[in-house]
Amino acid sequence: MRRAPIIIVTLEEQRALYSGFALPDEEIVILSFGEAFCSMPRRAADLLLLDCGFEARLGLALLKDIKGRFPAIPVLFLTEESSEEIILTAFKLGVRDYLRKPVDLIALRTGIHRLLMAKRKARESREDLIVNADPVPEAGAMCGIRDLPAAIMRSVCLAETRYRDDLTLDKMARLANMSKAHFCRTFKAQVGMTPVRYLKFVRIQRAKQLLRSRNLSVATVAGQVGFRDVSNFNKNFRQFVGLSPLDYRRSLTI
């Protein structure tokens, strides 16, 4: 079966940066923002790399347009802005992964490869999500982003792998070998949100995956992602997703 291409959408002034970008056995199509808005190819794509530089608002507008027309295309979102609002909005609109620029080519290729494999495996197998396994994250996957300082990386990876546990700000700050105040400032500057909020964000992303299984109650999902209180889970889920867990589950069948 012929593979669909990887589409890179970037600002016109950044287009030259991708002129020599190549991946083995992959077809790459480079479009400007104007071309993407007006003439996005009608054939299927296996991945969209959306690099909006400092124009995050423009990137989000294009993302909303593309996901409205091509909801199945996984999107890797690159931006030089890293505010909490930008990150959360991008994930709500359907981004599968986020990288903050500048990013080295190894990290970029790793992110692309991970999404391509997930897309193609899903297309080939069409198997239901195995909810008893640790799910592959759709978002909240910053562990491995190479431009994060080592101390912050350790805390990010802790949140992404031990999100079920009773992780406190004290524990994460000690792991980073920083005071709580310094750790919070540094973490937010690097990741785009506070460590406590990022932990909640990771938990909600995992919950969204588990809610695809109708065999799991909302209370069970809440417990599996680290929330000890269902009402607190419902409150946090609505804050991040804009829907209650039950409404989100119903939306998956629409």
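All values reported here derive from a predicted model rather than from experimental measurement.

Peer 1: Please explain the overall build of the protein as it appears in this structure.
Peer 2: What the protein contains, in helices and strands, is 11 helices and 5 strands. Relative to its full complement of 254 residues, the protein shows a buried share of 48%. Long-range contacts, defined here as pairs at least 24 residues apart, represent 62% of the contacts in the protein between residues at least 6 apart. For the protein, the accessible area works out to roughly 12,800 Å², and carbon and sulfur atoms hold 54% of it.

Peer 1: I'm lost on the sheet that holds strand 3 (residues 47-51) in this one. Help?
Peer 2: Each strand in a sheet pairs with its neighbour through backbone hydrogen bonds, running either in the same direction (parallel) or in the opposite one (antiparallel). Here we have 5 strands laid out as an open sheet, ordered 2-1-3-4-5, and parallel in their pairing. Either end of the sheet is taken by a strand with one partner, and the two such strands are strand 2 (28-32) and strand 5 (97-100). Taken over all neighbouring pairs, the strand axes of this sheet differ in orientation by 20° on average, direction set aside. Along the sheet, helix 2 (residues 56-69) makes contact with strand 1 (6-10), strand 3 and strand 4 (75-79), crossing strand 4 at roughly 170°.

Peer 1: Teacher, can you tell me more about the confidence of the model for the protein here?
Peer 2: Caution is warranted with low-pLDDT regions, since their predicted coordinates should not be read in detail. When pLDDT is averaged across the protein, the result is 81; 85% of the residues are at 70 or more. Within the protein, helix 4 (residues 105-125) has the poorest average pLDDT of any element, 73, and helix 9 (residues 218-224) the best, 94. For the stretch residues 125-139, pLDDT sits under 50, and the model shows 24 contacts to residues farther than four places along the chain or on other chains.

Peer 1: Would you explain the pairing of strand 1 in this entry?
Peer 2: The element strand 1 is largely enclosed, with a buried count of 5 among its 5 residues. Of the two faces of strand 1, both are covered, the one formed by Ile6, Ile8 and Thr10 as well as the one formed by Ile7 and Val9. Pairing of strand 1 with strand 3, which is carried by 5 bridges, proceeds in the parallel orientation. Paired with Thr10 across the bridge in strand 3 is Asp51.

Peer 1: Teacher, can you tell me more about helix 2 here?
Peer 2: Taking 1.5 Å per residue as the helical rise, helix 2 with its 14 residues ought to reach 20 Å, and the 20 Å between its terminal C-alpha atoms agrees with that figure. Those residues of helix 2 lying buried are Ala56, Gly59, Leu60, Leu62, Leu63, Ile66 and Lys67. On an axial view of helix 2, the arc spanned by its buried residues comes to 165°, and they lie on one face. Across from the buried face of helix 2, at angles greater than 90 degrees, the exposed residues are Arg57, Lys64 and Gly68.

Peer 1: I keep staring at the pattern of salt bridges and nothing clicks. Help me out?
Peer 2: Two side chains with opposite charge may pair up if their charged atoms get near one another. Within this structure, the stated rule accounts for 8 salt bridges. Among the ionic pairs, Arg15 bridges to Glu35, the shortest N-O distance being 3.1 Å. With Arg15 in the loop between strand 1 and strand 2 and Glu35 in helix 1 (residues 33-39), this pair connects stretches of sequence that are 20 residues apart. Judged by relative accessible area, Arg15 falls into the partly exposed class, the value being 25%. On the basis of relative accessibility, which here comes to 30%, the residue Glu35 falls in the partly exposed class. Between Asp97 and Arg114 there is a salt bridge, with the nearest N and O atoms lying 2.2 Å from each other. Separated by 17 residues along the polypeptide, Asp97 in strand 5 and Arg114 in helix 4 bring together distant segments of the chain. With a relative accessible area of 35%, Arg114 lands in the partly exposed category.

Peer 1: What exactly am I supposed to notice about the nonpolar core here?
Peer 2: It is characteristic of soluble globular proteins that their nonpolar side chains tend to be buried jointly. Grouped together as the largest cluster of nonpolar side chains are 62 residues, with contacts concentrated most on Val9, Leu50, Leu63, Phe77, Val191, Tyr198 and Phe233. In this structure, Val9 is in contact with Leu31, Ser32, Phe33, Ala36, Leu48, Leu49, Leu50, Asp51 and Leu62, ignoring residues within four places of it in sequence. Core analysis: the second largest hydrophobic core is formed by 14 residues, Phe21, Leu47, Leu78 and Leu116 among them.

Peer 1: Can you walk me through the environment of Asp65 in this structure?
Peer 2: As for its placement among the helices and strands, Asp65 is situated in helix 2. Between the C-alpha atoms of Asp65 and Phe37, which are 28 residues apart in sequence, the distance is 7.6 Å.

Peer 1: In this structure, what is going on with unusual backbone geometry? I would like to understand it.
Peer 2: Backbone phi values are negative for most residues with the exception of glycine, while trans is the configuration of most peptide bonds. Residue Pro102 is reached from Lys101 by a cis peptide bond, and omega for that bond is 0°. Tracing the backbone through its elements, the reader meets Pro102 in the loop between strand 5 and helix 4. A positive phi angle is found at Asp25, which is not glycine, with a value near 65°. Tracing the backbone through its elements, the reader meets Asp25 in the loop between strand 1 and strand 2. The residue Asn177 is not glycine, and still its phi comes out positive at about 60°. With respect to the helices, strands and loops of the structure, Asn177 is situated in the loop between helix 6 (169-176) and helix 7 (180-191). The class for Asn177 is exposed, based on a relative accessible area of 70%.

Conventions adopted
Residues numbered from 1 in each chain as written. Predicted model: local features only at pLDDT ≥ 70, side-chain atom pairs only at ≥ 80, totals over all residues. Heavy atoms only, no water. Helix = DSSP H or I, 4+ residues; strand = E, 2+ residues; numbered from the N terminus. Buried < 20%, exposed > 50% of the residue type's maximum accessible area, 1.4 Å probe, protein only. Contact = heavy atoms within 4.5 Å. Areas by Shrake-Rupley, 256 points an atom, 1.4 Å probe, with all protein chains shown as cover. Pairing = 2+ DSSP bridges. Axes fitted to C-alpha atoms, helices over the stretch in contact; angles between N-to-C directions. pLDDT = per-residue confidence, 0-100. Expected span 1.5 Å × (residues − 1). Arc of directions from axis to C-beta. Salt bridge = Lys/Arg side-chain N within 4 Å of Asp/Glu carboxyl O. Core = buried A, V, L, I, M, F, W, Y, C linked by side-chain atoms within 4.5 Å.

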